[in-house]
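# Residue-level structure breakdown
Residues per chain, in single letters:
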Amino acid sequence: MKVSVLSALALVIAGACAAPQPEVKDTAASSSKCSSKSLARKRNLIMMVSDGFGIASETMARDYVQQMEGKPYEWLSALDELLVGTSRTKSSDSLVTDSAAGATVFSCGKKSYNGAIGVTPNEKPCGTVLEAAKIKGYTTALVSTSRITHATPASFAAHVVHRDMEGLIAQQLVGNNTIGNKVDLILGGGSCHFLPNTTKGSCRTDDLDVWALAKNNGYSAFESRAAFDALKPKTKLPTIGLFTSSHMSYEIDRNPALEPSLAEMTVKALEILSENTKHSDQGFFIMIEGARIDHAGHDNDPAAHLRDIVQYWETVAAVRRFVNKNRDTAMIGTSDHETGGLSLGMEHDYVWYPKYLKPVKKSSEVICRELAKVAVDERESFIRKTVIPSYLGVSNVTDADVASVVRATASGSTKCKLAVGLIVSRLARISWSTDGHSAVDVGLYAYGRGTEKLRGNYENTQVGEFLRDYLQVDLAPVTKRLSNQLTEQPGFEWAREPPSIVTRRSADKHSSGSAAAAAAYHAKLDSYHPLHYLGGHSH
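What this report covers is the structure whose coordinates are included nearby. Remember, predicted model here, so these are calculated numbers, not experimental data.

## Brief notes about the overall build of the chain
When helices and strands are tallied, the chain shows 20 helices and 14 strands. Within the chain, buried positions represent 56% of all 539 residues. Of the contacts formed within the chain by residues at least 6 apart in sequence, a portion of 75% connects residues at least 24 apart. Within the structure as shown, the chain displays about 22700 Å² of accessible surface, and the carbon and sulfur contribution to it stands at 53%.

Structural data, given as structure tokens:
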């Protein structure tokens, strides 16, 4: 019987002790031993998703810190120290994935189409590792700087055929589903999808009060920084805290009196999860997302991109400290995809200048929001006297830059943000190939027990397999329980894009009914898969 490399890894995990790797300053690997019984007793898993974060983004942030803070050439970021390989990113219908398919492959261990939230290519619900963990007795959590109903967190605890069905996602997150309460702790943004459309600030299409629904299902709910600060490790679960109507602020714009940082939410969540599982037979599973790295990539905003990456580093460092103190814990981190097609250097100039990112005070998102409120006949003056010299820190204000932002502002928010970001990018010699996603591989990072075998290049399905095998959960029974789950939001019109990739399904469809032809095609396809050479197979 063939098994995947990561399935085999589960057997290694079950029978051997893998303590956290030593700090970088230590040169010798730990040779300590512990019993397999203690390993099997309890385990915690921390999944970190740096949405839209590519290798070039890591280089950009590292170069910035090295140049601005005088670090030596050999300096490593918190992520650099944990790099173990790379992950491929394609979805079932495109070589360029979106975040929905990119997260569903982690949560379900199966590829799906762009836009799919916890459903397979045939639009049927697939059990997730979070749901299976909850059913087995683990305590679960989702932490994100996006709306909690957004693609990545949603894909771990909801099942809808299109990612924009966030109203239905909100309901499923707080227990209105065929499984019941599945997420014990939720921290992030996006309260607008929890408010009835009769309430100011709601973005629901119906009058359902999801806050009330959550409370009826046993959740304690809050929306303020003060309430967050008041949370104690012994906080009773389930609990949900949403700090903003939509996404949480970029780190460059964040008001710490109103919103906690990703690192602060993570530390608080780990304290609560640790305390709540202290006397339980099972540990916890948490997914932590640095969401706004992706959004800054879409905006081609290098300064906002940078600040959120540095904040993500702080979060990774906090997780590593936790793992060091809790030997039965592992962390795995990767990205669902890269965003922006970021490149350091442009045209024929063999340079890029980190210094131009330092004086930027606001994200292009906030700048363009302000510009939209300025009278049309006053915009040029505001851009010339305030936006470029004060917000962007650019002393040489050109007529061309002013005119480009004036024109872009008149064309809407998206064009405005790209135009503002371009001013800084051009000075820094940073280029972007797209305001969408790219198909490149992304970094794979790991730390703690059971992760020492994660080395090399992996298909993203294998990341999902690792989560499943590490937690020792079975997703098939969960999938069966979800067979009657509502996956379409009433009144929501949607359509799938035609596939742009040769997949198993499309190959079978075009094989003229010939099983032999299909088998030959799949054999050829598998011959290019690294697991073929290891005697395994990945489904």
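## Examining the pattern of salt bridges
Enumeration according to the criterion identifies 27 salt bridges in this entry. Its salt-bridge partner being Glu 365, residue Arg 292 comes within 3.0 Å of it at the nearest N-O pair. Of the two residues, Arg 292 is situated in helix H11 (residues 292-298) and Glu 365 in helix H13 (residues 364-373); the sequence distance between them amounts to 73 residues. Of the two residues examined, Arg 292 and Glu 365, each falls in the buried class. Glu 380 is paired through a salt bridge with Arg 384; the nearest N and O atoms lie 3.5 Å apart. Of this pair, Glu 380 and Arg 384 both sit in helix H14 (residues 379-391), 4 residues apart, roughly one helical turn. The partly exposed category is assigned to Glu 380, whose relative accessible area is 43%. In this structure, a network of salt bridges that share partners links the residues Arg 225, Asp 229, Glu 251, Arg 254 and Glu 264.

## Describing the environment of Ala 318
You can see Ala 318 is positioned in helix H12 (residues 302-325). Accessibility expressed as a relative area gives 8% for Ala 318, which makes it buried. Sequence separation of Ala 318 and Leu 270 is 48 residues, and the distance between their C-alpha atoms is 9.7 Å.

## Let's talk about the sheet that holds strand E8 (residues 329-334)
Spatial strand order, E5-E6-E4-E3-E7-E1-E8-E13-E2-E14: 10 strands in an open sheet with mixed pairing. At either end of the open sheet lies a strand with only one pairing partner, and these are strand E5 (220-222) and strand E14 (456-458). Each strand axis lies, on average, 15° off the axis of its neighbour in the sheet, ignoring direction. Sheet analysis places strand E4 (residues 185-189) next to strand E6 (residues 239-242), joined by 4 bridges and oriented parallel. Within E6, the position partnered with Leu 187 by the bridge is Gly 241.

## Considering the packing of helix H10 (residues 262-276) against H12
Running from N to C, H10 and H12 cross one another at 20°; their axes reach a closest spacing of 8 Å. Compared by their axis directions, H10 and H12 come out roughly parallel. Crossing of H10 over H12 shows right-handed handedness. Every residue of H12 that contacts H10 at Leu 262, Ala 263, Thr 266, Val 267, Leu 270 and Ser 274 is listed here: Gln 311, Tyr 312, Glu 314, Thr 315, Ala 318, Val 319 and Phe 322. Among the residues forming the contact of H10 with H12, the class breakdown is 8 nonpolar, 4 polar and 1 charged.

## Focus: empty space enclosed by the protein
Counted according to the given criterion, the structure contains 2 cavities of 30 Å³ or more. What lines the largest cavity is a set of 16 residues, among which Thr 145, Glu 251, Leu 262, Asp 308 and Gln 311 lie closest to the centre. Among the residues forming the lining of the largest cavity, the class breakdown is 7 nonpolar, 5 polar and 4 charged. Each pocket or cavity is described by its volume, and for the second largest cavity that value is around 50 Å³. Forming the walls of the second largest cavity are Asp 301, Pro 302, Ala 303, Val 360, Lys 362, Ser 364, Leu 392, Val 420, Gly 421 and Val 424. Counting residues per element, the ones that place at least two in the lining of the second largest cavity are H12 and helix H16 (413-428). The greatest single-element share of the lining of the second largest cavity, amounting to 3 residues, is contributed by H16. Residue composition of the lining of the second largest cavity, by class: 6 nonpolar, 2 polar and 2 charged.

## Remarks on H10
Counted at 1.5 Å a residue, the expected span for H10 with its 15 residues is 21 Å, and the 21 Å between its end C-alpha atoms agrees. Taken together, the buried residues of H10 touch strand E1 (44-50), strand E3 (139-147), E4, helix H9 (225-230), strand E7 (284-290) and H12.

## Some points on helix H17 (residues 460-471)
Helix length check: H17 (12 residues) gives 17 Å between terminal C-alpha atoms against 16 Å at 1.5 Å per residue, within 8%. Burial within H17 is extensive, with 11 of its 12 residues counted as buried. Listed as buried for H17 are Asn 460, Thr 461, Gln 462, Val 463, Gly 464, Glu 465, Phe 466, Leu 467, Asp 469, Tyr 470 and Leu 471. At the exit of H17 stands Gln 472, carrying a positive phi of roughly 55°.

## Digging into the packing of aromatic side chains
Following the criterion strictly, the structure yields 10 aromatic pairs and no others. Ring geometry for Phe 228 versus Phe 243: centroids 5.6 Å apart, planes at 85°, classification edge-to-face. Here Phe 243 lies in the loop between E6 and H10 and Phe 228 lies in helix H9, a separation of 15 residues in the sequence. Note on Phe 228: relative accessible area 2%, which makes it buried. With relative accessibility at 9%, the residue Phe 243 sits in the buried group. Judged by centre distance (6.1 Å) and plane angle (85°), the rings of Tyr 353 and Tyr 356 are edge-to-face. Residue classification places Tyr 353 among the partly exposed residues on the basis of a relative accessible area of 34%. Under the relative-accessibility criterion, Tyr 356 is labelled partly exposed at 30%. Between Arg 43 and the ring centre of Tyr 470, over which it is positioned, the NZ or CZ distance is 5.1 Å. Note that Lys 268 overlies the ring of Phe 228, its terminal NZ or CZ placed 5.1 Å from the centroid.

## Here we look at the state of the cysteines
For the structure on display, the rule yields 3 disulfides. A disulfide bridge connects Cys 192 with Cys 203, and the sulfur atoms are separated by 1.9 Å. Taking the torsion about the sulfur-sulfur bond, which here is approximately 65°, the covalent link between Cys 192 and Cys 203 counts as right-handed. Of this pair, Cys 192 sits in the loop between E4 and helix H8 (210-216) while Cys 203 is found in the loop between E4 and H8, placing the two residues 11 residues apart along the sequence. Take Cys 192: its relative accessible area is 6%, and that puts it in the buried class. Note on Cys 203: relative accessible area 33%, which makes it partly exposed. In this model Cys 368 forms its disulfide with Cys 416; the gap between the sulfur atoms is 2.1 Å.

Conventions and cut-offs
Residues numbered from 1 in each chain as written. Predicted model: local features only at pLDDT ≥ 70, side-chain atom pairs only at ≥ 80, totals over all residues. Heavy atoms only, no water. Helix = DSSP H or I, 4+ residues; strand = E, 2+ residues; numbered from the N terminus. Buried < 20%, exposed > 50% of the residue type's maximum accessible area, 1.4 Å probe, protein only. Contact = heavy atoms within 4.5 Å. Areas by Shrake-Rupley, 256 points an atom, 1.4 Å probe, with all protein chains shown as cover. Salt bridge = Lys/Arg side-chain N within 4 Å of Asp/Glu carboxyl O. Pairing = 2+ DSSP bridges. Axes fitted to C-alpha atoms, helices over the stretch in contact; angles between N-to-C directions. Parallel < 35°, antiparallel > 145°, perpendicular 65-115°, else oblique. Left-handed = near helix turned anticlockwise from the far one by under 90°. Nonpolar A, V, L, I, M, F, W, Y, C, P; charged D, E, K, R; others polar. 1 Å grid on protein atoms, 1.4 Å probe; cavity = no way out; pocket = protein on both sides within 12 Å on 5 of 7 lines; lining within 4 Å. Points joined across faces, edges and corners; volume = space filled by probe spheres on them. Expected span 1.5 Å × (residues − 1). Phe/Tyr/Trp six-rings, centres within 6.5 Å; stacked < 30°, edge-to-face > 60°. Lys NZ or Arg CZ within 6 Å of the ring centre and 35° of its normal. Disulfide = S-S within 2.5 Å.

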